[in-house]
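What the coordinates show
Given next are the chains, with one letter for each unit.
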Amino acid sequence: MMQAMIFAAGLGTRLKPLTDHMPKALVRVGGEPLLKRVIFRLRDAGFSRIVINVHHFAPMILDYLRENGNFGMDIRISDESETLLETGGGIKKAQGLFDPHFPILIHNVDILSNVDLKAFYSHDRKVMCMDCGVPHDVADATLLVSWRKTKRYLLFNDALRLVGWMNIETGQVKSPFAEIREADPQVLREKLKMYAFSGIHTFSPSLFPLMDRYPEKFPIMDFYLDNCKEVAIKGVVKDDLKLMDVGKQETLAEAENFLNTI
C-alpha cells in the first residue's frame, strides 16, 4: 500500500490577494486547482491513501473534496483549523491517519515537478552503517535533493546519509556531530556533499516515537537534523530535477508554461 500526505494548511500569504478569499490549495494553475494536480499525480503513481492537512479556509477544501467524491480515493483530513502546526507538527498530528506499516510520501500542495513519485517512493532505502561501513541500515526517511544554487544546503557524507545543514552566506552550521558543527565551513564544502532540498520526502512511521518529545509545532527539517546521528536519513539525488514552487505571485504567472516542460 502506498500512502502520502499533502501539506495544504498554509496561509498562502505570498499569493495574496488570491488567498484573501480561498486557500492556496484551490488556486488554479492551467485551469486546475493545485490540490487536484497533486492528488492526480499521486493517484496516477499508484498511491491509494492520501492525508491532507487543512487550516486556512479549511471548509472550502472539505467542500471541494466532497463535491468531487474524494476523486475515488481514500482521502483523510488532518484538521489544523485551531492551530497551524508547521511541517513536523503537521506530520505528528496526522499519525493516527496512516497505516503504520508503510512509508509516507510528503508533498507540498504548491510544488510542480517532473519527479517520478512512484520511483522515488520505491527507491532502495539501504544505506551504509555509520559505524561499520556496511550497507545494512535501512533509511527511516529519504529526502529528494538536487544540485542548484542556493544559500542553504543539506550536508551528506559519501554514503548520502544526512549529517548536517549549512548556510553558505553566514557560515551557520547545524549538525548533531560535533566535528561537523565545529569545522571550518570551507573544509565542509570540500569533504561533504552539498545538495538543495526539494521539499519532497518519505517518512517512516517508525520515526513517530521520536516525535513524542517534540512540542506541538516544529519544522520537519529540524527533526531530521536533530536525529540524523541516531537514525538513517538518506539523500536521493535527481540531477535532472525540474521543480517550481508556485506559492508566490511571480511564479504563479510562469507555472502554466512550466507545466508544458515536464
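Here is a short report on the structure shown in this document. (Residues numbered from 1 in each chain as written. Predicted model: local features only at pLDDT ≥ 70, side-chain atom pairs only at ≥ 80, totals over all residues. Heavy atoms only, no water.)

Turning our eyes to something else, we now look at the nonpolar core. Counting 43 residues, the largest nonpolar core has Ile6, Leu35, Ile39, Leu42, Phe47, Ile52 and Leu105 as the members making the most contacts within it. Of all the secondary-structure elements, those providing two or more residues to this core are strand E1 (3–7), helix H1 (34–45), strand E4 (49–54), helix H2 (58–67), strand E7 (111–113), helix H4 (117–121) and helix H8 (249–259). If one sorts the elements of this core by residue count, H1 sits on top with six residues. Not counting the four nearest positions on each side in its chain, Ile6 is found in contact with Leu35, Val38, Ile39, Leu42, Ile50, Val51, Ile52, Asn53, His107 and Val109. By size, the runner-up hydrophobic cluster in this structure holds 40 residues, among which are Leu155, Leu192, Phe203 and Val231. (Core = buried A, V, L, I, M, F, W, Y, C linked by side-chain atoms within 4.5 Å. Buried < 20%, exposed > 50% of the residue type's maximum accessible area, 1.4 Å probe, protein only. Helix = DSSP H or I, 4+ residues; strand = E, 2+ residues; numbered from the N terminus. Contact = heavy atoms within 4.5 Å.)

Glancing now at the packing of aromatic side chains. Taken as a whole and assessed by the stated rule, the structure comprises eleven aromatic pairs. Consider the rings of Tyr214 and Phe223, whose centres lie 5.3 Å apart with planes at 65°: the pair is edge-to-face. The buried category is assigned to Tyr214, whose relative accessible area is 13%. What links up through ring pairs into an aromatic cluster is the set Phe203, Phe208, Tyr214, Phe218, Phe223 and Tyr224. Positioned above the aromatic ring of Phe40 is the side chain of Arg43, whose terminal nitrogen or guanidinium carbon lies 4.1 Å from the ring centre. Above the face of the Tyr121 ring, Arg125 is positioned so that its terminal group lies 5.7 Å from the ring centre. (Phe/Tyr/Trp six-rings, centres within 6.5 Å; stacked < 30°, edge-to-face > 60°. Lys NZ or Arg CZ within 6 Å of the ring centre and 35° of its normal.)

Once that is clear, we can look at the pairing of strand E10 (residues 141–146). Burial within E10 is extensive, with six of its six residues counted as buried. Across the two faces of E10 the burial is the same, with Ala141, Leu143 and Val145 and Thr142, Leu144 and Ser146 all buried. Relative to strand E14 (residues 193–203), E10 is paired through five bridges, and the arrangement is antiparallel. Paired with Leu143 across the bridge in E14 is His201. Relative to strand E15 (residues 233–237), E10 runs parallel, the two sharing five bridges. (Pairing = 2+ DSSP bridges.)

Before going further, it helps to examine the pattern of salt bridges. Tallying each qualifying case throughout the model produces eleven salt bridges. The shortest N-O distance in the salt bridge between Arg43 and Asp44 comes to 3.5 Å. With a shortest N-O distance of 3.1 Å, Asp74 and Arg49 are connected by a salt bridge. In this pair, Asp74 is assigned in strand E5 (residues 74–79) and Arg49 in strand E4, connecting sequence segments 25 residues apart. Given a relative accessible area of 29%, Asp74 falls into the partly exposed group. We classify Arg49 as buried; its relative accessible area is 14%. Each member of the salt-bridge network shares a partner with another, and the members are Arg49, Asp74 and Arg76. (Salt bridge = Lys/Arg side-chain N within 4 Å of Asp/Glu carboxyl O.)

Purely geometric numbers; function is a separate question.
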